[in-house]
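# A closer look at the structure
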Amino acid sequence: MSALAFVPDLPVLAAFVLACVAITLTPGPDMAFFLGKSVTQSAAAGFAAFAGCTTGLVVHTVLVAAGLAALLATSATAFLVLKIVGAAYLLWLAFESVWKGNALSRPVAGAAPERLTRIYMKALTVNLLNPKVIVFFATFLPQFVTAGDPAASGKFLFLGLTMIVVSTPITVAMILAAGRVSATLRGSRRLARAIDWLFAGVMGGFAARLLLARA
């Protein structure tokens, strides 16, 4: 077997990259979370959230390579439990947004912004508790690997990491653009508070979609 057997053929890789670009631009809980943190706190907070989401994607990639994601994807009970827990966590984030507010809308002057490590862990949790991400990885990555390929595990890892590499510059641009909006929000407490409710609504919407999702 070639030392580079884990690298797909060029046409397959090109198709995969185009798919990754489209997926990166598709709104989801991860995007809502890191853009929300970028707008309401700082670009650094957005990057911390993105790092958490990216860590989750690495975990999902490893699970696919190990075959565990396929097992979870075919278990209706595991899917049900995971989606309930995931939806509950999204609803908690929505409640927390309205209850505590963000660094721009908190009424207490000089309130400390949320720690980056806490933001990272929240983003990681959102990603790992989303069964749709598990099912997506378990069904998406295998489309670019031939059945019975002896280098399948290596290719799954390579494709998962390639997805992260492709999505990173796009996400960085979005975070930097969103971070600039915070300067405008700092001049309006009312507008900043409206962002809290908007974020809560988005998280609540994703929680509802998750609960209605089928295995």
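Note that the coordinates shown come from a computational prediction; the quantities given were computed from them, not determined experimentally.

### A few points about the overall build of the protein chain
When helices and strands are tallied, the protein chain shows nine helices and zero strands. The secondary structure elements of the protein chain, listed N-terminal to C-terminal, are α-α-α-α-α-α-α-α-α. Counting only residues that meet the buried cut, the protein chain has 44% of its 215 residues in that class.

### Concerning the pattern of salt bridges
Within this structure, the stated rule accounts for three salt bridges. Residues Lys 37 and Glu 114 are paired through a salt bridge, measuring 2.7 Å at the closest nitrogen-oxygen approach. Note that Lys 37 is positioned in helix α2 (residues 29-40) and Glu 114 in the loop between α5 (76-100) and α6 (116-128), a separation of 77 residues in sequence. The residues Lys 37 and Glu 114 share a single accessibility class, namely buried. Across the pair Arg 118 and Glu 114 runs a salt bridge, and its minimum N-O distance is 3.1 Å. When its relative accessible area of 12% is taken as the criterion, Glu 114 is described as buried.

### Some words on the nonpolar core
Ranked by size, the top nonpolar core spans 26 residues in total, and within it Phe 33, Phe 34, Ala 49, Leu 90, Leu 93, Ile 119 and Met 203 carry the most contacts. Not counting residues up to four positions away in its chain, the partners in contact with Phe 34 are Gly 46, Ala 49, Phe 50, Thr 171, Met 174 and Ile 175. Within the second largest apolar cluster, 17 residues are counted, among which are Leu 57, Leu 141, Val 145 and Leu 159.

### Side note on the confidence of the model for the protein chain
Residues of the protein chain with pLDDT of at least 70 account for 79%, and the chain-wide mean is 79. The element-level mean pLDDT for the protein chain is lowest in helix α4 (residues 68-73), coming to 65, with α6 highest at 94.

### Comments concerning the environment of Thr 55
Relative to the helices and strands, Thr 55 is located in helix α3 (residues 43-66). Under the relative-accessibility criterion, Thr 55 is labelled partly exposed at 28%. Apart from the residues lying within four places of it in its own chain, the contact partners of Thr 55 are Tyr 120 and Leu 124. Separated by 2.9 Å, the side chain of Thr 55 and the backbone oxygen of Ala 51 make a polar contact.

Calculation rules
Residues numbered from 1 in each chain as written. Predicted model: local features only at pLDDT ≥ 70, side-chain atom pairs only at ≥ 80, totals over all residues. Heavy atoms only, no water. Helix = DSSP H or I, 4+ residues; strand = E, 2+ residues; numbered from the N terminus. Buried < 20%, exposed > 50% of the residue type's maximum accessible area, 1.4 Å probe, protein only. Salt bridge = Lys/Arg side-chain N within 4 Å of Asp/Glu carboxyl O. Core = buried A, V, L, I, M, F, W, Y, C linked by side-chain atoms within 4.5 Å. Contact = heavy atoms within 4.5 Å. pLDDT = per-residue confidence, 0-100. Polar contact = N/O pair within 3.5 Å; in protein donor to acceptor, adjacent residues only side chain to side chain.

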